[in-house]
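Working through the structure, step by step
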Amino acid sequence: MTQYTETTGAVDELETPYELTALDRCDACGAQAYIRVVVASGELLFCAHHGRKHQEKLSQIAHSWHDESSKLLTDDRH
């Protein structure tokens, strides 16, 4: 399955759509991860803050950039 990533417009070639869960934690601070970056050596997970902080440098080497930070703006309290 092909998945479009919001931030870079890059295309992820994944067998199943990847969705981050509350168990995925930021590699920088341990907060809930909303951004998954795949680089040659593996994957990095970031909270929205650290993802934005490192985006410029990582975008140069990233194979894919999966951003679910828009979930922070949704209001699920009904």
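1. A few points about the overall build of the protein chain
Looking only at helices and strands, one finds one helix and five strands in the protein chain. Each helix and strand of the protein chain, ordered N terminal to C terminal, gives the series β-β-β-β-α-β. Counting every position in the protein chain, which comprises 78 residues, the buried fraction comes to 33%. By sequence separation, contacts in the protein chain at least 24 residues apart represent 36% of the contacts at least 6 residues apart. Per element, the accessible surface of the protein chain, about 5300 Å² overall, is 52% carbon and sulfur.

2. Here's the deal with the sheet that holds strand β5 (residues 64–67)
Taken together, the three strands give an open sheet; going across it, the order is β4-β3-β5, and neighbouring strands pair in antiparallel fashion. Either end of the sheet is taken by a strand with one partner, and the two such strands are β4 (42–46) and β5. Each neighbouring strand pair of the sheet contributes to a mean axis angle of 15°, computed without reference to strand direction. Contacts from helix α1 (residues 48–58) reach β3 (35–39), β4 and β5, with the element oriented near 135° to β4.

3. Concerning α1
Among the residues making up α1, those that are buried are Ala-48, His-50, Gly-51 and Leu-58. When α1 is viewed along its axis, its buried side chains cluster within an angular range of 140° and face the same direction. Residues of α1 that are exposed and point over 90 degrees away from its buried face: His-49, Lys-53, Glu-56 and Lys-57. Residues of α1 that are buried in the fold lie against β3, β4 and β5.

4. Concerning the confidence of the model for the protein chain
Per-residue pLDDT for the protein chain has a mean of 83; in total, 73% of the residues score no lower than 70. Note that residues 1–5 has pLDDT below 50 and, in this model, 22 contacts with residues that lie over four places away or in other chains.

5. So, the environment of Ala-40
With respect to the helices and strands, Ala-40 occurs in the loop between β3 and β4. Sequence separation of Ala-40 and Ala-62 is 22 residues, and the distance between their C-alpha atoms is 7.6 Å.

Rules used in this analysis
- Residues numbered from 1 in each chain as written.
- Predicted model: local features only at pLDDT ≥ 70, side-chain atom pairs only at ≥ 80, totals over all residues.
- Heavy atoms only, no water.
- Helix = DSSP H or I, 4+ residues; strand = E, 2+ residues; numbered from the N terminus.
- Buried < 20%, exposed > 50% of the residue type's maximum accessible area, 1.4 Å probe, protein only.
- Contact = heavy atoms within 4.5 Å.
- Areas by Shrake-Rupley, 256 points an atom, 1.4 Å probe, with all protein chains shown as cover.
- Pairing = 2+ DSSP bridges.
- Axes fitted to C-alpha atoms, helices over the stretch in contact; angles between N-to-C directions.
- Arc of directions from axis to C-beta.
- pLDDT = per-residue confidence, 0-100.

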